[in-house]
Amino acid sequence: MIKNWIWIFCIVFLCSCSKKDRNYPYTLQAVDSFLSYNLDSDVKIPSSVRSFMDNEGKEYLYFQNGVSPELLIYDIQNENLVKRTVFEVEGQHAIKGGFLNGFMMTDFNQIYIAGLASRELYETDTTGYIKQIRSYAETVEGYKPVCCFKDNGTFQFIDGKLYLPQSLNWQLGEDVIRESVLLCCIDTLAGDVNILPFKFPLDDHSIIRGTSASINSEYKYCYDGRRFVYSFAYMDKLMVVNPLTSEVEYKSAKSQYAGHIAPPSFQNVDSETLQRKICEYPAYGNIMYDSYNKVYYRVVYVPQEIDRDINPVSLIRSGRKQFSIIILDEQFNVIGEHLFPPYMYNPRLCFITGGKLYISTSHIMNPNYSDDILEFQMIELVRSKSSEKR
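Residues numbered from 1 in each chain as written. Predicted model: local features only at pLDDT ≥ 70, side-chain atom pairs only at ≥ 80, totals over all residues. Heavy atoms only, no water.

Q: Would you explain the pairing of strand β14 (residues 219–223) in this entry?
A: Every regular strand shows the same layout, with side chains that alternate between the two sheet faces. Judged by how many residues are buried, β14 sits mostly within the fold: 5 of 5 residues are covered. Burial along β14 is two-sided: the residues Tyr219, Tyr221 and Tyr223 and Lys220 and Cys222 are all buried. Note that β14 and strand β15 (residues 228–232) share 5 bridges and pair antiparallel. By the bridge assignment for β15, tyrosine 223 is matched with phenylalanine 228. Counting the residues in the hairpin turn of β14 and β15 gives 4 residues, including glycine 225, whose phi is positive at 100°. (Buried < 20%, exposed > 50% of the residue type's maximum accessible area, 1.4 Å probe, protein only. Helix = DSSP H or I, 4+ residues; strand = E, 2+ residues; numbered from the N terminus. Pairing = 2+ DSSP bridges.)

See below:
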């Protein structure tokens, strides 16, 4: 055990030292500017946040209240709560079984929610009235998608088609890796449901049914207006797919702080030990596209040792101990990477507005943490000092 931590410490130390030799032209800089959203006593700190812009160019932040069938909508700049919508889970106008993570808003009149009880997509609005229900139980190719409940990223609308992220499909048995798809789409005009020919870029031996080894398949994705960009938790490369041409590319986006990326072993360990390993092992997190600056931000959880008295599940929900963010240009060249201080930010909660990245300071180990406030700090993309000297 001691040797393992010596090895991890050496990786972190060498990677930190190597940063001096990497004169990236850009870095990230925290600014003394914050956005704070007051939470009622019955509202939980969310596990993810999303945003949308209305027809007048006003931006809103929205998120689910824990696992409750409720969405909260805030005016991003005014920091005011605009709407709380509770959806029925029983009855005629109900989202059967509730929902978890599988939702998106395009405006106050168009909300799309994937129910948990069945593979159905509910079209609704901020009144909670169910306008239409679309089934995605089976595609025209005969594929049976899985329910959308993981926090992979929001749904995407492209030319009247709604794209839904998919996770491993255990219905496929031994073909779970070879046949599980990453995306299915619903044609909202014709009503057809199709799959896209994109599969998980994983080895069959890395996934074992009924174990926590499926964390190897975890990913986040974003849409840059042309392509879906996938950041898998334990893969250095980004997977870039074009939904129109079905072209797939892999782009190198390795962190200088992460060392060797591999999922923790699940063999002969209890759930808490595995959760602690997840906290301590390096992995990749969120991927975001900044259309104003034309850059991508990729979150990297760097290898860390955590104290034994820290609850690992709570720490995972708060974005672990420490992370960095890789900056990539539109050609996916790494143009910067910034290491953030430990126990200060929650990179699971972040959004981009007006060319500025906002990362939540609502981390349970942050001395200013409060259950009553969801706070974000502005992070600016700036030229690095080393590049300015040249």
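Right, picking up where we left off after that structure.
Q: Hey, could you run me through the sheet that holds strand β21 (residues 334–339) in this one?
A: The pairing of strands in a sheet comes from backbone hydrogen bonds and takes either a parallel or an antiparallel form. Taken together, 4 strands build an open sheet; the order of strands is β18-β19-β20-β21 and the sheet is antiparallel. What marks the edges here is a single partner per strand, and that holds for β18 (283–290) and β21. Strand-to-strand, the axes of this sheet are offset by a mean angle of 20°, without reference to chain direction. (Axes fitted to C-alpha atoms, helices over the stretch in contact; angles between N-to-C directions.)

Q: So what exactly am I meant to see when it comes to the environment of proline 197 here?
A: Considering the arrangement of structural elements, one finds proline 197 in the loop between β13 (193–195) and β14. The exposure class of proline 197 is exposed, given its relative accessible area of 54%. Separated by 82 residues in the primary sequence, proline 197 and glycine 115 place their C-alpha atoms 24 Å from one another.

Q: What exactly am I supposed to notice about the sheet that holds strand β10 (residues 156–158) here?
A: Judged by pairing direction, the sheet is antiparallel, and its 4 strands sit side by side in the order β10-β11-β12-β13 without closing on themselves. Of all strands in the sheet, those bounded by a partner on one side alone are β10 and β13. Ignoring which end each strand starts from, the neighbouring axes of this sheet average 30° apart. One ladder, built from 3 bridges, connects strand β12 (residues 183–187) with β13; its direction is antiparallel.

Q: What should I look at first to understand the packing of aromatic side chains in this one?
A: The geometry of an aromatic ring pair is captured by the separation of the ring centres together with the interplanar angle, meaning the angle of the planes. Within the structure shown, the criterion is met by 27 aromatic pairs. Taking the centre distance of 6.0 Å and the plane angle of 70° together, the rings of tyrosine 37 and phenylalanine 376 count as edge-to-face. Separated by 339 residues along the polypeptide, tyrosine 37 in strand β1 (residues 26–38) and phenylalanine 376 in strand β24 (residues 373–383) bring together distant segments of the chain. Taking the relative accessible area as the measure of exposure, phenylalanine 376 reaches 0% and is therefore buried. With centroids separated by 5.6 Å and ring planes inclined at 50°, the aromatic side chains of tyrosine 163 and phenylalanine 228 adopt a geometry described as tilted. Here tyrosine 163 is found in strand β11 (residues 161–165), whereas its partner phenylalanine 228 is found in strand β15, with 65 residues between them in sequence. By the burial criterion, tyrosine 163 is buried, and phenylalanine 228 matches it. (Phe/Tyr/Trp six-rings, centres within 6.5 Å; stacked < 30°, edge-to-face > 60°.)

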